[in-house]
Number of protein chains: 2
Amino acid sequence: MNASPPAAKKPRTRIQKKNRKTILDAALDVFSQNGFRGSTLDQIARAAGLSKPNLLYYFPSKEAIHVELLSCLMDTWLDPLRALDPAGEPKREILSYVRRKLGMSRDYPRESRLFANEILQGAPRIRKAIRGELKDLVDEKAEVIRGWSARGAIARVNPHHLIFSIWALTQHYADFDVQVRLILEDRESDPFPEAERYLETLFDKLLTP
Amino acid sequence: MNASPPAAKKPRTRIQKKNRKTILDAALDVFSQNGFRGSTLDQIARAAGLSKPNLLYYFPSKEAIHVELLSCLMDTWLDPLRALDPAGEPKREILSYVRRKLGMSRDYPRESRLFANEILQGAPRIRKAIRGELKDLVDEKAEVIRGWSARGAIARVNPHHLIFSIWALTQHYADFDVQVRLILEDRESDPFPEAERYLETLFDKLLTP
DNA sequence: AAGGAGTTTTACCAATTGGTCAGAAAGACG
DNA sequence: CGTCTTTCTGACCAATTGGTAAAACTCCTT
């Protein structure tokens, strides 16, 4: 009797699980390239190999797909920072964070661009998560870094801006990938190895007291 | 007799000059916030205080407005790097460039976001300018930096990635402004002064041999 | 004041958009 | 096999989109 969509909740059947995944993957492709308003359900449907009404059988609306993507993303996105260990060796911890974050740009560029698009447009759909989860985590880890800084384990730096700089430098290689590759066209076919070396020396020098 | 639009060329009358400027400014607002496909002529018209057909009297199409904005932008955008003086004191030159570029993020955030949006979407409309003008200028200045590096005036760094890092770090404060402000909400009402201090020490340490 | 160029508006269009609905097809299961 | 649920489709819709046509208005020049 109840043939209505699963209301974007727990998928029950195998088919639902598979198709929801297909849709989200296709949507990630499309949204990350065109932004929310620039993407159409038809594009997503085509990319997913499904019909448009079929998309809307699995998700109640275009926005619901986008929201689902963003909320899944936020967790993955924070993982590298979460792993920063207050008990570890300070400089090594931060350098590992940089390496992990650069790895995310290399391996999940679509996610990075989706996030960038959302922020660029004023973060209408994830303001809350930024002021909440993200800010809390950042404040917590900034405090850890401040401690390291204060006891002389690393140089004195503004912890919040240190974190911003790690984000900026690593995400740049995902979000501005096209530009980077166009400029390096005749030098490096894959910018990431050189980027890793460069960022390592940069943060090493910055953090050495 | 000829009442057709001025074909996006030199404005002749005062009214044309004024209205074209108004339109471009409104379009910059809208495009920088929503991207090309996410923006509508109605939004731009409303922001400019004109009717939609009136917009299309001054510009032949939505795309023409966007292209005009981008080509105007490219020049302004390259100015800070152009000003990097091969004859100047190396470290001071680079630090000045960083300061100029950060100033652009502070004073022209809309332009920065317009550019970011375009790159994020694969740079369909400025590929040529990137491979041409931009790449040429970057290669030229990278060579200058390489020279400084080689003769020991600054530390050994990959010049291209140095330039990328300056872009990434400075543009971050324009493109991700919302995020930065949300996270610093209870600390800094204006992130830029602290950002300038932070970036100065970062590049100072990086470039000191 | 008249004429014509330059400017603006009203009314409109075809295409695309997100979304709905009734029913057809496909499984699942006894 | 038959029945019930889940999955999918074609036809459709109202709203929005970029863009046009032509008439109307404004303003400068003579």
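Residues numbered from 1 in each chain as written. Chains lettered and ligands numbered in written order. Predicted model: local features only at pLDDT ≥ 70, side-chain atom pairs only at ≥ 80, totals over all residues. Heavy atoms only, no water.

Q: Got a minute to help me understand the environment of Arg99 of chain A in this structure?
A: Along the polypeptide, Arg99 of chain A turns up in helix α5 (residues 90-107). Not counting chain neighbours up to four residues away, the residues in contact with Arg99 of chain A comprise Glu196 and Glu200 of chain A. (Helix = DSSP H or I, 4+ residues; strand = E, 2+ residues; numbered from the N terminus. Contact = heavy atoms within 4.5 Å.)

Q: Before we go on, may I ask you to explain the protein's contact with DNA strand C in this structure?
A: The environment of DNA strand C is made up of 22 residues, and the closest members are Leu41 and Lys62 of chain A together with Thr13, Gln16 and Tyr58 of chain B. Sugar plus phosphate, as a fraction of atoms of DNA strand C within 4 Å of the protein: 63%. The backbone of Lys62 of chain A places a nitrogen or oxygen atom 2.8 Å from a phosphate oxygen of DNA strand C. At 2.5 Å from a phosphate oxygen of DNA strand C is found a side-chain nitrogen or oxygen belonging to Tyr58 of chain B. Residue assignment for the surface near DNA strand C shows that the elements contributing at least two residues are α2 (41-48) and α3 (52-58) of chain A together with α1 (14-38) and α3 (52-58) of chain B. (Near = heavy atom within 4 Å. Polar contact = N/O pair within 3.5 Å; in protein donor to acceptor, adjacent residues only side chain to side chain.)

Q: Is there a simple way to think about the side chain of Lys91 of chain B in this case?
A: With respect to the helices, strands and loops of the structure, Lys91 of chain B is situated in helix α5 (residues 90-107). Not counting residues within four places of it along the chain, the set of residues in contact with Lys91 of chain B comprises Ile154, Asp204, Leu207 and Thr208 of chain B.

Q: Quick question: what am I supposed to make of the interface of chain A and chain B here?
A: Many structure descriptions define interface size as the accessible area lost when the parts assemble. At the junction of the two partners, chain A supplies 58 residues and chain B supplies 58 residues. Roughly 5300 Å² is buried in total at the junction of chain A and chain B, and carbon and sulfur atoms are behind 65% of that figure. Counting across the chain A and chain B interface gives six salt bridges. The tally of links from chain A across to chain B stands at 24 residue pairs in polar contact (both at pLDDT 80 or more). Of all the secondary-structure elements, those providing two or more residues to the side of chain A that touches chain B are α1 (14-38), α6 (109-120), α7 (127-150), α8 (159-175), α9 (177-184) and α10 (192-207) of chain A. Residues of the side of chain A that touches chain B, tallied by class, amount to 28 nonpolar, 17 polar and 13 charged. (Buried area = accessible area lost by both parts, 1.4 Å probe. Salt bridge = Lys/Arg side-chain N within 4 Å of Asp/Glu carboxyl O. Nonpolar A, V, L, I, M, F, W, Y, C, P; charged D, E, K, R; others polar.)

Q: Explain the nonpolar core to me, please; I cannot follow it from the model alone.
A: For soluble globular proteins, nonpolar side chains are generally found buried alongside one another. Core analysis: the largest hydrophobic core is formed by 139 residues, its most contacted members being Ile130, Leu162 and Phe203 of chain A together with Ile130, Leu162 and Phe203 of chain B. When residues no more than four places from it in sequence are discounted, the contact partners of Phe203 of chain A are Leu95, Val98, Leu162, Ser165, Ile166 and Leu169 of chain A. (Core = buried A, V, L, I, M, F, W, Y, C linked by side-chain atoms within 4.5 Å. Buried < 20%, exposed > 50% of the residue type's maximum accessible area, 1.4 Å probe, protein only.)

Q: Just checking my understanding: could you explain the domain arrangement of chain A for this structure?
A: Residue and element names in this part refer to chain A. According to the domain assignment, chain A consists of domain 1 (12-60) and domain 2 (70-207). One C-alpha centre belongs to domain 1, the other to domain 2, and the line joining them spans 29 Å. Counting residues at the interface gives seven residues for domain 1 and seven residues for domain 2. In total, domain 1 and domain 2 occlude about 700 Å² of area from one another, counting both sides; carbon and sulfur atoms represent 55% of this. Considering only the surface of domain 1 that becomes buried against domain 2, Leu28, Ser32 and Phe36 emerge as the three largest contributors, covering 64% of it. Here domain 1 is connected to domain 2 by two salt bridges. Linking Asp29 and Arg110 is a salt bridge whose minimum nitrogen-to-oxygen distance equals 2.8 Å. (Domains from an automatic or database assignment.)

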